[in-house]
Amino acid sequence: MKKITAVTSSRADYYLLKPLLKKLSLHKDINLEIMVTGSHLLSNHGSTVADIRKDFANIHTIKPLTNKTNSTAIHKNLPHYLKHFLEFFNKSKPDILILLGDRYEIFFAAVASLFNAIPIAHIHGGEVTHGAIDDPMRHSITKMSHLHFVSNGTYKNRVKQLGEEPNSIFNVGPMVIDNLLDLKFYNKSELCDILNIKQLEEFLLVTFHPETYGTRDNSRNIAHFLMALKEFPNHQLLFTAPNLDQDANLIRDAINIFVAQNPNAYFFESLGGQCYLSLMRHASCVVGNSSSGIIEAPLLNIPTVNIGSRQSGRDMSETIFSSLCKTSDIIKTLKKALRYKGIHKSKKLSKKDSPSSKIIKVLQNKDFLLKNHKKFNDII
């Protein structure tokens, strides 16, 4: 029996991993365990570990030392994660570790796995986000990983460019496809009941994370962003919480003040994948700097206003409208995006597009699970 461990550190990666984990848990020859950490274990982020416990039995946790997001608090968490991941993997000894994305919790899971000689299967590598510290961590995780499941051909070439062997890289498509294939979308009436909103009219789905790399001024950025949103009083504004990144509490506090002062604005700690995607399907536009506006929204034929540099470098669909983090430019770009709603065709998906099915097919190959020695593939 193969022992597979997966790590999840936020609501964002969990709802992408969940269909894959569900399928793995049904295999009789696989012993699946899930390490839950990061914002899942914080009450001010919705304590989403409770949702994971409802889905799976074999759960382990590493709780952050603090829910604060200043640099001192983040720095204290880093050795804490490494210590506990090292201890856990030394005891658990999985045959393979599944990691998705690029957060610092995921990075330290990869480092601990490396020092315990545990092969890594990495999902969504090869991507670029110039405005987030995730970039160097993502590429480092790629170099520590043995299997690579990427979301498109551009990212496959980039992983190859990083020296990974071509036969270890698989273009399976974006993981959200599984959710779109299997999800029962809520209608507006159902969403009103779930969210305790009297009526859903024309609304914007809003997520704004801190920029964590390069030149950044998150106080200024959130001020310009919220000032722009005030110019759209005829739209409801549905805010989701920022990631557990440096300066996230600064952004959260500004949003809470804005919501208290504007009756058309609402704030939700955690919506869950089904509710979030259902809202996206009904939204006039996705606004902010979340990767969901770059990956998920185009698949649902919903326009996105992508603000600032956090997602800069990703492949962009024609339904994505990028804006400087400047009030006047955000207003102009959002008006343009709202005029384009419904023009582009969404991609028709079928079961053959399922990324999780493609990944499981590779994981069932014993050669890959047993292989723990890597070569650097020179491109000449």
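> Is there a simple way to explain the pattern of salt bridges in this structure?
Where side chains of opposite charge bring their charged atoms close, a pairing between them can arise. All chains considered together, the criterion is met by 17 salt bridges. With its nearest N and O atoms 3.1 Å apart, the salt bridge here joins Asp245 to Arg310. One end of the pair, Asp245, is in the loop between strand E9 (236–240) and helix H10 (248–261); the other, Arg310, is in the loop between strand E12 (304–307) and strand E13 (320–323), and 65 residues separate them in sequence. Residue classification places Asp245 among the buried positions, given a relative accessible area of 4%.

> Whenever I open this one, empty space enclosed by the protein confuses me. Can you help?
Which parts of space are left empty comes out when a probe the size of a water molecule is rolled across the atoms. Within this structure, the stated rule accounts for six cavities of 30 Å³ or more. Each pocket or cavity is described by its volume, and for the largest cavity that value is around 630 Å³. Counting residues per element, the ones that place at least two in the lining of the largest cavity are helix H1 (11–25), helix H11 (273–282) and helix H12 (291–299). The element best represented in the lining of the largest cavity is H1, accounting for five residues. Residue classes in the lining of the largest cavity are distributed as seven nonpolar, 14 polar and nine charged.

> Any chance you could explain the packing of H11 against H12 here in plain terms?
Packed helix pairs are characterised by how far apart their axes lie and by the angle those axes make with each other. One can describe the packing of H11 onto H12 by two numbers: an axis separation of 11 Å at closest approach and a directional angle of 70°. For the element pair H11 / H12, the angle class is roughly perpendicular. Residues Tyr276, Leu277 and Met280 of H11 pack against Ser292, Glu296 and Ala297 of H12. Tallied by class, the residues present in the contact of H11 with H12 amount to four nonpolar, one polar and one charged.

> How do you make sense of the sheet that holds strand E6 (residues 147–150) when you look at a structure like this?
Backbone hydrogen bonds are what pair the strands of a sheet, in a parallel or an antiparallel way. Read across the open sheet, the seven strands follow the order E3-E2-E1-E4-E5-E6-E7; overall the sheet is parallel. Bordering the open sheet on either side are strand E3 (59–62) and strand E7 (169–171), each of which pairs with just one other strand. Ignoring strand direction, the axes of neighbouring strands in this sheet form an average angle of 20°. Here E6 runs beside E7; their pairing, made up of three bridges, is parallel. When the bridges of E7 are listed, Phe149 appears paired with Phe170. Taken strand by strand, helix H5 (residues 134–144) contacts strand E4 (96–100), strand E5 (120–123) and E6, and its axis lies near 145° from that of E5.

> I tried to follow the side chain of Asn262 on my own but got confused; where do I start?
Relative to the helices and strands, Asn262 resides in the loop between H10 and strand E10 (265–268). Within the local environment of Asn262, its side chain forms a polar contact with the side chain of Lys230, the two groups lying 3.3 Å apart.

> What is the right way to look at the nonpolar core in this model?
One recurring pattern in soluble globular proteins is that nonpolar side chains are buried together. The biggest cluster of nonpolar side chains holds 56 residues, and the ones touching the most others in it are Leu20, Leu21, Leu24, Ile98, Ile123, Leu279 and Leu363. Among the elements that take part in this core, H1 stands out by supplying seven residues, more than any other. Non-local contacts of Leu279, meaning those with residues more than four positions away in its chain, are made with Leu191, Leu195, Leu200, Phe203, Leu205, Leu238 and Leu271. If you look at the next biggest cluster of nonpolar residues, it comprises 28 residues, including Leu229, Ile255, Cys285 and Ala337.

> Help me understand the pairing of E12 in this model?
Burial along E12 is two-sided: Thr304 and Asn306 and Val305 and Ile307, pointing in opposite directions, are all buried. As defined by bridge partners, strand E11 (residues 285–288) adjoins E12 across three bridges and the pair is classed as parallel. Each bridged residue has a counterpart across the sheet, and for Val286 the counterpart in E12 is Thr304. Read as a crossover between parallel neighbours, the route from E11 over H12 to E12 is right-handed. Across four bridges, E12 lies against E13 in parallel orientation. Within E13, the position partnered with Asn306 by the bridge is Ser322.

> In this structure, what is going on with the packing of aromatic side chains? I would like to understand it.
Two numbers describe a pair of aromatic rings. These are the distance of the centres and the angle of the planes. Applying the stated criterion across every chain yields a total of nine aromatic pairs. Here the aromatic rings of Phe321 and Tyr340 are separated by 5.3 Å at their centres, their planes lie at 55°, and the arrangement is tilted. Here the residue Phe321 occupies a position in strand E13, and Tyr340 occupies one in the loop between helix H13 (327–339) and helix H14 (355–363), the gap between them amounting to 19 residues. Joined through ring pairs, the aromatic side chains of Tyr81, Phe85, Phe88, Phe89 and Tyr104 make up one cluster. When the ring centre of Phe56 is taken as reference, the NZ or CZ atom of Lys22 above it lies at 5.2 Å. The lysine or arginine in question, Arg281, covers the ring of Phe185, its NZ or CZ lying 4.3 Å from the ring centre.

> Hey, could you run me through the packing of helix H8 (residues 188–195) against H11 in this one?
Following both chains from N to C, one finds H8 and H11 inclined at 130°, their axes separated by 11 Å at the closest point. In terms of orientation, H8 and H11 fall into the oblique class. Crossing handedness for the pair H8 and H11: left-handed. Between H8 and H11, the residues in contact are Lys188, Leu191, Ile194 and Leu195 and Cys275, Ser278, Leu279 and His282, respectively.

Cut-offs applied
Residues numbered from 1 in each chain as written. Predicted model: local features only at pLDDT ≥ 70, side-chain atom pairs only at ≥ 80, totals over all residues. Heavy atoms only, no water. Salt bridge = Lys/Arg side-chain N within 4 Å of Asp/Glu carboxyl O. Helix = DSSP H or I, 4+ residues; strand = E, 2+ residues; numbered from the N terminus. Buried < 20%, exposed > 50% of the residue type's maximum accessible area, 1.4 Å probe, protein only. 1 Å grid on protein atoms, 1.4 Å probe; cavity = no way out; pocket = protein on both sides within 12 Å on 5 of 7 lines; lining within 4 Å. Points joined across faces, edges and corners; volume = space filled by probe spheres on them. Nonpolar A, V, L, I, M, F, W, Y, C, P; charged D, E, K, R; others polar. Axes fitted to C-alpha atoms, helices over the stretch in contact; angles between N-to-C directions. Parallel < 35°, antiparallel > 145°, perpendicular 65-115°, else oblique. Contact = heavy atoms within 4.5 Å. Pairing = 2+ DSSP bridges. Polar contact = N/O pair within 3.5 Å; in protein donor to acceptor, adjacent residues only side chain to side chain. Core = buried A, V, L, I, M, F, W, Y, C linked by side-chain atoms within 4.5 Å. Right-handed = clockwise from strand over helix to strand, strands pointing away. Phe/Tyr/Trp six-rings, centres within 6.5 Å; stacked < 30°, edge-to-face > 60°. Lys NZ or Arg CZ within 6 Å of the ring centre and 35° of its normal. Left-handed = near helix turned anticlockwise from the far one by under 90°.

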